[in-house]
Amino acid sequence: MSKSVLFSFDQILKKCFQSLENNQKVWNSVLAECKPLMVSLGNLEEQLRAFQKVQIANTPLHTFPDLHQRLHFKLLQAVDIVLGKLTDKMCSLQSVRDAISNQVSGAFQLYEQNIGTLDLATCTQRSAVAPSIADMLEWLQDAERYYRQQFLRRKNVLLTLRADDLSLLESAPKRWESLETLSGEESISDTLFKVSFFIESQ
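Residues numbered from 1 in each chain as written. Predicted model: local features only at pLDDT ≥ 70, side-chain atom pairs only at ≥ 80, totals over all residues. Heavy atoms only, no water.

**Student:** Sorry if this is basic, but what is going on with helix α5 (residues 166-178) here?
**Tutor:** The terminal C-alpha atoms of α5, which comprises 13 residues, lie 19 Å apart, in line with the 18 Å expected from a rise of 1.5 Å per residue. Taking the largest bend as the criterion, α5 deviates by roughly 40 degrees, centred on A172, and proline P173 comes between one and four positions later. Within the span of α5, buried status applies to L166, L169, A172 and W176. (Helix = DSSP H or I, 4+ residues; strand = E, 2+ residues; numbered from the N terminus. Expected span 1.5 Å × (residues − 1). Bend = angle between axes of the 7 residues up to and from the residue. Buried < 20%, exposed > 50% of the residue type's maximum accessible area, 1.4 Å probe, protein only.)

**Student:** Sorry if this is basic, but what is going on with the pattern of salt bridges here?
**Tutor:** A side chain of one charge can pair with a side chain of the opposite charge when the charged atoms of the two come close. Under the criterion given, the structure shown has 11 salt bridges. Notably, a salt bridge pairs R145 with D142, separated by 3.0 Å at the nearest N-O pair. Placement of both R145 and D142 in helix α4 (residues 133-159) is noted, with a separation of three residues, approximately one turn of the helix. Among the charged side chains, a network of salt bridges with common partners joins E45, R49 and E170. (Salt bridge = Lys/Arg side-chain N within 4 Å of Asp/Glu carboxyl O.)

**Student:** Can you walk me through the state of the cysteines in this structure?
**Tutor:** Disulfides are covalent bonds that connect the sulfur atoms of two cysteines. Going through the model one piece at a time under the given rule, you end up with zero disulfides. Free cysteine C34: the closest other cysteine sulfur is in C91, separated by 11 Å. In this structure C91 comes out as partly exposed when scored by relative accessible area, which is 44%. (Disulfide = S-S within 2.5 Å.)

**Student:** What should I look at first to understand the nonpolar core in this one?
**Tutor:** Counting residues in hydrophobic clusters, the biggest one holds 52 residues, and the most contacted among them are L13, L20, L41, V79, L86 and W176. Listed by contribution, the elements that provide at least two residues to this core are α1 (3-53), α2 (67-113), α4, α5, α6 (182-194) and α7 (196-200). Per-element accounting of this core gives the leading share, 15 residues, to α1. When neighbours within four sequence positions are excluded, L41 is seen to be in contact with V79, V82, L83, L86, L161, L169 and A172. (Core = buried A, V, L, I, M, F, W, Y, C linked by side-chain atoms within 4.5 Å. Contact = heavy atoms within 4.5 Å.)

**Student:** In this structure, what is going on with the packing of α1 against α4? I would like to understand it.
**Tutor:** Between two packed helices, the angle of one axis relative to the other and the distance separating the axes together describe the packing. Put simply, α1 and α4 touch, their axes get as near as 11 Å, and they point 25 degrees apart. Relative to α4, the element α1 is oriented roughly parallel. Considering the relative orientation of α1 and α4, their crossing is left-handed. Residues L6, F9, L13, C16, F17, L20, Q24, W27, L31 and M38 of α1 form the contact with α4, whose own contacting residues are I133, M136, L137, L140, A143, Y147, Q150, F151, R154 and L158. A breakdown of the residues in the contact of α1 with α4 according to their chemical character gives 17 nonpolar, two polar and one charged. (Axes fitted to C-alpha atoms, helices over the stretch in contact; angles between N-to-C directions. Parallel < 35°, antiparallel > 145°, perpendicular 65-115°, else oblique. Left-handed = near helix turned anticlockwise from the far one by under 90°. Nonpolar A, V, L, I, M, F, W, Y, C, P; charged D, E, K, R; others polar.)

**Student:** I would appreciate a short explanation of α6 in the present structure.
**Tutor:** Three or four residues apart is the spacing at which side chains of an α-helix point the same way, because the helix has 3.6 residues per turn. Given a rise of 1.5 Å per residue, 13 residues ought to cover 18 Å, and the 18 Å separating the end C-alpha atoms of α6 matches this to within 8%. Considered for burial, the residues of α6 that qualify are G184, E185, I188, T191 and L192. Along the axis of α6, the buried residues cluster in a sector spanning 120 degrees; they form a single face. Those residues of α6 that are exposed and aimed more than 90 degrees away from the buried face are L182, S183 and F193. Where α6 is buried, its residues contact α1, α4 and α7. (Arc of directions from axis to C-beta.)

Pasting the structure below:
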């Protein structure tokens, strides 16, 4: 492989890992913003469930016409607002997923374009500063897969939610939380640590 191709490969790999580092921060920030929204969803589900048990006709409030319907509508509206905010957050997560996928795709495209000139020794060669090309491509592929799967699983949770289905609303916060994989995030951070000297090298 020519030095110019190796240089191009180094540059695109550095951009990939820089993008991964920046997007990991964005991803975690967006997920942190989702937590209070999920708590709100759980609280609204409890209010809706409690509201179903209230017999307004048997209280002094029975003199207010349509009060039951209006209060029920307000609660359903509040659920829809929270779901809308969560949908907006999913758009941000999708942007992160797409950015990482595009960067990784670019690296593999360059690899495939030069596969004829690549030899095993070049792909597996490590230095004090840089891991091997093979290792870095594998780590990028793992990271891309992790964010793609995380996005799809979280999207699927939201797609099942409706304001009028209390059982799904009740389980939503725990289902959302169960998707958090500490090992997955630690693996990304470990990868970024392994390439930190490579990213900073000239």
